[in-house]
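# Structural overview
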Amino acid sequence: MASYDVIIIGAGPGGYVCAIRCAQLGLKTAVVEGRATLGGTCLNVGCIPSKALLHASHMLHEAEHNFAAMGLKGKSPSVDWKQMLAYKDDVIGQNTKGIEFLFKKNKVDWIKGWGSIPEAGRVKVGEDIHEAKKIVIASGSVPASLPGVEVDEKIVVTSTGALELGKIPKSLVVIGAGVIGLEMGSVYARLGAEVTVIEYLDAITPGMDGEVQKTFQRTLKKQGLNFIMGAAVQSVETLKTKAKVNYKLRKDDSTHQLDADTVLLATGRKPYTDGLGLAELGVEMTKRGQIATDDHWQTSVKGIYAIGDAIEGPMLAHKAEDEGMAVAEVLAGKHGHVNYGVIPGVIYTHPEVANVGATEESLKEQGRAYKVGKFSFMGNGRAKAVFAGDGFVKILADKETDRILGAHIIGPAAGDLIHEICVAMEFGASAQDLAMTCHAHPTYSEAVREAALACGDGAIHA
Ligand code: NAI
């Protein structure tokens, strides 16, 4: 029987980061992972592979739409789908092997197999029992199911199947206009599929700033995505090589049907805690099926902790990573901390969409006095030089104190630009602090400064 200070169940971004930090802090650490490779959903069938396909398909889009205007003439590239998938798999391989290397470097043991917890202090993997002073559950999430829709990962797929379709479909119906639906919908639209997104609500990307939602949807429509809004998918019938999607419009209860070669189910994810033995242990769960934890990520059973998608909060890799680092510090007797008010969200479409902190809608709801500083990328020389003038930066600041409360960006490199605002928020900065900081010219980040200036005496290039 092996004995550890900490055993972590799950080697996704939450689990592997937690393990590395535990080891760095001097704790004898092991990770239980049943997949053939480390990295969890994010590296194997999520964030990383989807970014590879988004990049490749964006290159094609650039060649088809912008090359000629720049004086780059010639035939547009054709798509070798097999090679594109091989490129994606190579990217996955490089990343998962990288985690293996980091485990070796930090002396983290990888216990291969699926773990369960027979009692606090013990983890069972196959027939082996391993001892651990502390256990961290980082078991992640799986796609949520939808009644009437049976996933076969061939014709009706989740995000996992969408990353390895046998061929590029002529028509793709996406159920759900959330992050997964729009990222993968963008990939296949760029590769030539007729993409239709069916969304239950009247706006895409629920919870996002309203102005961004509208601009984003308009931009995606221009790129060829079709939207059926206010429609609930009722069922999907699978035929030999295609599917029929039945949906009902909420406004008049009328029912409709749409044919598709492929259907992507992207209506959310749910915590994955099967087989851990949590019910037998008496671990308390929330009403939404998440593992309940206290302020230090400890579950209702002493010595068992939980982080990431399996607990409350946004299902984001970086939120899990932050919790992983924080819980490692708690276990090492330090003070782990996560600022849940400053967790950025990014959608890796083109243009990218990024947000952090409050939305205008949430501030109105709180009755809080705020001001808005907005700047369009049309006024940013660098963006205009690369056909990326669509979109804007919007900063929300307290009306009295000028303290930054949130930011919303749609435009080039939005997913990187947002972090300037995250750092500012962590330091309790005012919009003026940002506005008074010298920004290199010509960069996209000047648009952030201009939005900050717009919170005060006004932007220069507006
Ligand atoms: P989501 O929760 O973002 O969006 C699901 C959408 O489906 C919602 O707009 C909802 O109204 C709609 N919907 C639900 N039932 C429906 C029905 N019967 N008919 C039509 N529409 C319906 O879920 P998604 O996109 O599956 O993503 C899951 C999780 O993965 C999210 O928490 C997301 O944050 C995370 N993720 C994050 C990424 C990123 O940070 N770039 C990338 C991919 C996933």
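What counts, and at which threshold
Residue positions are counted from 1 within each chain, in the order its sequence is given. Since the coordinates come from a predicted model, pLDDT governs what is reported: local features require at least 70, and pairs of side-chain atoms require 80 or more to be given and counted, while whole-chain, interface and lining totals use all residues. Think of the side-chain values as coming from all heavy atoms in the structure, minus any hydrogens and water. UniProt positions are given in the numbering used here, feature names are shortened, and annotations may be inferred rather than shown by experiment. Runs of E in the DSSP output that reach at least two residues are strands. Runs of H or I that reach at least four are helices, and both are numbered from the N terminus. The definition of a nonpolar core used throughout is a set of buried Ala, Val, Leu, Ile, Met, Phe, Trp, Tyr and Cys residues joined through side-chain atoms within 4.5 Å. Each residue is assigned to one of three classes by its accessible area relative to the maximum for its type, calculated with a 1.4 Å probe on protein chains only: buried under 20%, partly exposed between the two thresholds, exposed over 50%. Two residues qualify as a contact provided that any one of their heavy atoms is within 4.5 Å of a heavy atom in the partner residue. Pairing between strands requires that DSSP locate at least two bridges from one strand to the other.

Labelled according to an unreviewed UniProt entry, the chain appears under the name Dihydrolipoyl dehydrogenase, originating from Roseovarius mucosus DSM 17069. Under the UniProt heading Sequence similarities (unreviewed entry), the note attached to the chain is "Belongs to the class-I pyridine nucleotide-disulfide oxidoreductase family."

### Observations regarding the UniProt feature "domain: Pyridine nucleotide-disulphide oxidoreductase dimerisation" (unreviewed entry) in the chain
In this structure's numbering, the residues bearing the UniProt feature "domain: Pyridine nucleotide-disulphide oxidoreductase dimerisation" (unreviewed entry) are residues 343-452. Note that residues 343-452 is 34% helix and 28% strand, and that its end C-alpha atoms are spaced 20 Å apart.

### Here's the deal with the nonpolar core
Within the largest apolar cluster, 53 residues are counted, with the highest numbers of intra-cluster contacts made by F103 and V136. No other element matches helix α1 (residues 13-24), which puts seven residues into this core. Discounting chain neighbours no more than four positions away, the residues touching V136 are V6, I7, I8, I9, C18, Y305, I307, V327 and L331. Counting 37 residues, the second largest nonpolar core, distinct from the first, contains M84, M184, V197 and I410.

### Focus on the sheet that holds strand β8 (residues 156-157)
Taken in spatial order, the five strands of this open sheet run β8-β15-β9-β10-β11, and their pairing is parallel. Each edge of the open sheet carries a strand with a single partner, namely β8 and β11 (226-229). Of the pairings in the sheet, the one linking strand β9 (residues 171-175) to strand β15 (residues 262-265) comprises four bridges and is parallel in character. Bridge pairing in β15 places V173 opposite V263.

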